[in-house]
Amino acid sequence: MTPQQKATLQKLGPFIALLLVATGLAIMSPDFLTVGNLLTVMRQVSINALIAFGMTLVILLGGIDLSVGSILGLSAISSASLMAAGFNPVFATAAGVVAGAAMGLFNGLVISKGKVAPFIATLATMTVLRGLCMVFSHGSPIAGFSSDFFSMLGGGYVAGLIPVPVVGMLVMFAVFWFVLKKTVFGRHVYAVGGNEESARLSGVKVDRIKLWVYTLSGAMSALAGVVLTSRLNSAQPNAGAGYELDAIAAVVLGGTSLTGGRGWIFGTLVGALLIGVLNNGLNLLEVSSFYQQVIKGAVILLAVLIDRGNKK
Amino acid sequence: MHVSLRGISKSFGPVHVLQDVDFNILGGEIHALMGENGAGKSTLMKILSGVYRADKGEIVIDGQATPITSTQDAERLGIAIIHQELNLIPQLSVMENLFLGREPRRFGVIDSKAMRTAARTYLQALGADRIDPEAEAGLLSIGQQQMVEIAKALALNAKVLVMDEPTAALTDREIETLFGIMQQLKAQGVAIVYVSHRMEEIFRICDKISVLRDGHFVGERVIAQTSFDEVVKLMVGRELGDRFPKRDATPGAVRLVVKDLADAGNISKINFEVRAGEVLGVAGLMGAGRSEILKTLFGINPRTAGTVTLDGQPLHIRDAVAAIAHGLAFVTEDRKGQGLVLGMSVRENATLVHLNRYAHLGVVSSKAETTAVAKLIEQLRIRTRDAELDVKSLSGGNQQKVVFAKWLALPPKVLLLDEPTRGVDVGGKAEIYHIINQLAAAGVAIVMVSSELPEVLAMSDRILVMHQGHQAGIFDAKDATQETIMTAATGGQTAAFTADAPPVENVTA
Ligand SMILES: Nc1ncnc2c1ncn2[C@@H]1O[C@H](COP(=O)(O)OP(=O)(O)OP(=O)(O)O)[C@@H](O)[C@H]1O
Ligand SMILES: [Mg+2]
């Protein structure tokens, strides 16, 4: 096997794992391999995938964003409050996304200008923003808005078959793939993650790249918040809590290195699907939720171990 | 001790890096291993020291076939290696690096006092007393890190010591001390393998020389019975022109004017001018502030006093982005840490500085980029199977050419070079000198820091000599000799060793 073939095989590792798990589930549960179920899985995956796409950029930079769940929560509460107060739903939705981007920008500022380690910075904003969720919502869900436009974002179908969030996820996948593969910005993300010092001395505007990446991560979390709020028809004060872990897991399962500089967006999509398929399959097989966690964790560990083994 | 590598072959994927190579080392001799960049020297030495395993062939020690399958095996057999690329752990202190994995213990805990004393002894033996054993390794200059690597290998009390380009980052004073130590070890019966691209050194210190070309063993010679010319011919397989190609550009108008330049504590009162098409060499001992001048000009270290003018315009440069925008380019001495992104491909590294040129509205045209890279690879004769390979899989000299490629395409108005030919072979050096000459002919003002005096003397129009952060003088290269420069660099007292250093001459084969 040539190194190139080996590298390709290694890159396809997560994809092969997904196929294996899916095949196994198809054999064990007759309900798994139906169009309806697969679309349901995809719709459930879309929320995690949207967050994980942004997280991929962050991790490629060698950073981490623990605040995605809280950003999701607070931006959702912002949109929902605006709508409940009678604002135009399109405006309210956009405002929520802008708010999410602004929260991400704040992370970026603290990390690049304030030189705070990403883990610490986003751990702090995660806590602060979750606190603000409670403050603004007084601890109870915000509901009582009805808008066809807004319900369509999470619950609608394109061509009467494909859920809108799935289309959104695929469009975002294409955008992120293009940005990472084809643009100067994408190249600079890899360069900063690979060797920040070399990148800086080569004239890469390292701080600006970081600001953009954390801003994007915030905006993507807010988008995921739109989908979630639309599905539930309300914004919960603890919406998105714990979502950072699934997003990080999807990125890592996809083969992106936590030390930065190496990875790809396709892997993240596959990683998110793998987690989604596992969740769905274990539900179909009526595995108790306690064991589900054990199995999910074990699969993540196994996948990452295989990945490390390959890289030797 | 007699170590014999027999019929060694090694491939990385489809590339045969070594084919049926024989190599013999005897105790009490210093054996040079030479060959062009990518000839396979480091790979052969990594096989001897257990980093890689040979696909074919055997290692015979004192008549006994001895498989070496790990670095621990090699260490147990008394084989120590100083790797070409620095491998210190930057966050650990110098002494922690020195004794990594072999920390002296007392009652089960690390005995830092013993460790400090031992570290000091080893560093002193190398004449590197200025290195604090408790300093963080990552904060040392490249030369100092190299000294620590050497001390680390010496601490192993090896019977076979492999040195893969140990002097590439050192200045003459450290090299002299190192040579003294090598002579001592040789007298004690240690076998030393010395990999270097510096001919003068090899002819001064080594007893024998083995040459590799494209992964093949092409011959062993006794130093006393061979010549520069013969060795070059063995290595290159063809005749090589001037080692230092002539430049016939006459310097034009003054481009860069530096007045009373100072930074926060390393350098002060630096004054010089560089004309278009002129090469200003910068010489001095390790730590004299040579690199700091370049770093301050490029905006990496803040300037605390003085003025810098380029083409009559005062410059206020605070970071690399501004420096590049004003037409400055900087080939740093630390290609691993500051020059390259090792995990990226040759192509991605080569275009990192000027990627925007191949992009429209931020979208890179891969066709334009690939074409540009192919041109650079050809122009610099970078030896790589494929521009898509990770730059870290290239040989050291070829990595250095990739750093050049980054800046060459600009083209810059002022080119700052810090040890531009570190680890580059004779042929590659000549190519880089050629490129420097071409840039000079095109009107670029060049400032070149180098520890290789023959290079400074031959390539510069004028030479600025640094001594302890101050400017000891600027010499016209025509009148300067190794001696005058070393005298200035050491603050007046003549260094004893310059007397027996061979004169600079052009080697024609
Ligand atoms: N890990 C690796 N994977 C793939 N190719 C490699 C690897 N290590 C070395 N090579 C290739 O093997 C060849 C020999 O490399 P090596 O580092 O041994 O050369 P060298 O003689 O030490 O050169 P230099 O003088 O530049 O240090 C080069 O073509 C290099 O690209
Ligand atoms: Mg080498």
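These figures come from a predicted structure and were not determined experimentally.

What counts and how
Residues numbered from 1 in each chain as written. Chains lettered and ligands numbered in written order. Predicted model: local features only at pLDDT ≥ 70, side-chain atom pairs only at ≥ 80, totals over all residues. Heavy atoms only, no water. Donors = N, O, S within 2.8 Å, 3.2 Å for Na, K, Ca; no water. Helix = DSSP H or I, 4+ residues; strand = E, 2+ residues; numbered from the N terminus. Buried < 20%, exposed > 50% of the residue type's maximum accessible area, 1.4 Å probe, protein only. Phe/Tyr/Trp six-rings, centres within 6.5 Å; stacked < 30°, edge-to-face > 60°. Contact = heavy atoms within 4.5 Å. Buried area = accessible area lost by both parts, 1.4 Å probe. Salt bridge = Lys/Arg side-chain N within 4 Å of Asp/Glu carboxyl O. Polar contact = N/O pair within 3.5 Å; in protein donor to acceptor, adjacent residues only side chain to side chain. Nonpolar A, V, L, I, M, F, W, Y, C, P; charged D, E, K, R; others polar. UniProt positions renumbered as here; feature names shortened; annotations may be inferred. Domains from an automatic or database assignment. Axes fitted to C-alpha atoms, helices over the stretch in contact; angles between N-to-C directions. Parallel < 35°, antiparallel > 145°, perpendicular 65-115°, else oblique. Left-handed = near helix turned anticlockwise from the far one by under 90°. Near = heavy atom within 4 Å. Areas by Shrake-Rupley, 256 points an atom, 1.4 Å probe, with all protein chains shown as cover. Pairing = 2+ DSSP bridges.

Structural notes on the coordination of the magnesium ion (ligand 2)
Six octahedral donors around a metal ideally subtend angles of 90 or 180 degrees, whereas four tetrahedral donors ideally subtend 109.5 degrees.
Residues and elements named next belong to chain B.
Right, on to step 1. The protein atoms that coordinate the magnesium ion (ligand 2) are Ser42 (OG) and Gln84 (OE1), at distances of 1.9 to 2.1 Å. With a gap of 42 residues between them, serine 42 in helix 1 (residues 41-48) and glutamine 84 in the loop between strand 6 (79-82) and helix 3 (94-98) connect regions that are remote in the sequence.
Right, on to step 2. Owing to a relative accessible area of 18%, serine 42 belongs among the buried residues under this scheme.

What to know about the packing of aromatic side chains
Each aromatic ring pair is characterised by the separation of its centres together with the angle its planes make.
Right, on to step 1. Inspection of every chain in the model, using the stated rule, returns 14 aromatic pairs over all chains.
Right, on to step 2. Pairing phenylalanine 244 of chain B with tyrosine 433 of chain B gives two aromatic rings, centres 5.2 Å apart and planes at 35°, and the pair type is tilted. With a gap of 189 residues between them, phenylalanine 244 of chain B in the loop between helix 8 (228-236) and strand 13 (254-263) and tyrosine 433 of chain B in helix 15 (residues 426-441) connect regions that are remote in the sequence. Like tyrosine 433 of chain B, phenylalanine 244 of chain B is buried.
Right, on to step 3. Three or more aromatic residues link up through ring pairs in this structure, and these residues are Phe15, Phe53, Phe173, Phe176, Trp264 and Phe266 of chain A.

Here's the deal with the interface of chain A and chain B
Where interface size is quoted, it is often the accessible area lost as the parts come together.
Right, on to step 1. The partner chain B presents 34 residues to the 22 residues of chain A that form the contact.
Right, on to step 2. Here chain A meets chain B over a buried area of about 2000 Å², counting both sides, of which 59% is carbon and sulfur.
Right, on to step 3. Residue arginine 262 of chain A is joined to aspartate 390 of chain B by a salt bridge in which the shortest nitrogen-to-oxygen separation is 2.6 Å.
Right, on to step 4. Linking chain A with chain B are 14 residue pairs in polar contact (both at pLDDT 80 or more).
Right, on to step 5. For the side of chain A that touches chain B, the secondary structure elements donating two or more residues are helix 1 (3-28), helix 7 (164-182), helix 8 (184-194) and helix 9 (196-201) of chain A.
Right, on to step 6. The biggest single contributor to the side of chain A that touches chain B is helix 8 of chain A, with 6 residues.
Right, on to step 7. By residue class, the composition of the side of chain A that touches chain B is 8 nonpolar, 8 polar and 6 charged.

A short note on the UniProt feature "transmembrane region" (unreviewed entry) in chain A
Residues and elements named next belong to chain A.
Right, on to step 1. Under the local residue numbering, the UniProt record ascribes the feature "transmembrane region" (unreviewed entry) to residues 12-29, 49-77, 89-110, 116-136, 157-180, 211-229 and 250-278.
Right, on to step 2. Strand forms 0% of residues 89-110 and helix 100%; the C-alpha atoms that close the span are 32 Å apart.
Right, on to step 3. The annotated region residues 116-136 carries 90% helix and 0% strand content, and the separation between its end C-alpha atoms amounts to 27 Å.

Details of the domain arrangement of chain B
All names here are of chain B.
Right, on to step 1. Under the domain assignment, chain B is made up of domain 1 (2-236) and domain 2 (254-497).
Right, on to step 2. Of the residues lining the interface, 30 residues belong to domain 1; the matching set on domain 2 comes to 28 residues.
Right, on to step 3. Counting each side, the surface lost to burial between domain 1 and domain 2 is near 2600 Å², with a carbon and sulfur contribution of 52%.
Right, on to step 4. For the pair domain 1 and domain 2, the interface holds 7 residue pairs in polar contact (both at pLDDT 80 or more).
Right, on to step 5. For the side of domain 1 that touches domain 2, the elements supplying multiple residues, two or more each, are helix 5 (142-154), helix 6 (172-187) and helix 7 (199-205).
Right, on to step 6. Looking at the side of domain 1 that touches domain 2 residue by residue, the class counts come to 10 nonpolar, 10 polar and 10 charged.

Comments concerning the packing of helix 3 (residues 68-84) of chain A against helix 4 (residues 89-112) of chain A
Residues and elements named next belong to chain A.
Right, on to step 1. Taken N-terminus to C-terminus, the directions of helix 3 and helix 4 make an angle of 150°; their axes are 8 Å apart at the nearest point. The pairing of helix 3 with helix 4 is recorded here as roughly antiparallel in orientation. Read as a crossing pair, helix 3 and helix 4 show a hand that is right-handed. Facing Ile71, Leu74, Ser75, Ser79, Leu82 and Met83 of helix 3, the residues of helix 4 in contact are Pro89, Phe91, Ala92, Thr93, Ala95, Gly96, Gly100, Met103, Gly104 and Asn107.
Right, on to step 2. Residue composition of the contact of helix 3 with helix 4, by class: 9 nonpolar, 7 polar and no charged.

Describing the site of ligand 1
All names here are of chain B.
Right, on to step 1. As a matter of local geometry, ligand 1 sits amid 19 residues, with Asn37, Lys41, Ser42, Thr43 and Ser393 nearest to it.
Right, on to step 2. A distance of 2.8 Å separates an oxygen atom of ligand 1 from a polar atom in the backbone of glycine 38.
Right, on to step 3. Contacts to ligand 1 include serine 42, whose side-chain N or O atom sits 2.7 Å from an oxygen atom.
Right, on to step 4. Burial of ligand 1 by the protein amounts to 80% of the accessible area it has alone, namely 640 Å².
Right, on to step 5. Those elements giving two or more residues to the shell around ligand 1 turn out to be helix 1 and helix 14 (396-408).
Right, on to step 6. Examining the composition of the shell around ligand 1, we find that 3 residues originate from one element, helix 1, more than from any other.

Here we look at the sheet that holds strand 18 (residues 328-331) of chain B
Residues and elements named next belong to chain B.
Right, on to step 1. Pairing is mixed in the open sheet, where 6 strands are placed in the order 18-21-22-15-23-24. Either end of the sheet is taken by a strand with one partner, and the two such strands are strand 18 and strand 24 (470-476). Direction aside, neighbouring strands of the sheet carry axes that sit 20° apart on average.
Right, on to step 2. Sheet topology places strand 15 (residues 279-284) next to strand 23 (residues 462-467); 5 bridges connect them, and they run parallel. Residue pairing in the sheet places alanine 283 in a bridge with valine 465 of strand 23.
Right, on to step 3. Helix 9 (residues 290-297) contacts strand 15, strand 18, strand 21 (414-418), strand 22 (445-449) and strand 23 of the sheet and is inclined by roughly 145° relative to strand 21.
Right, on to step 4. Running over the sheet, helix 15 touches strand 15, strand 21 and strand 22 and is turned about 150° from strand 22.

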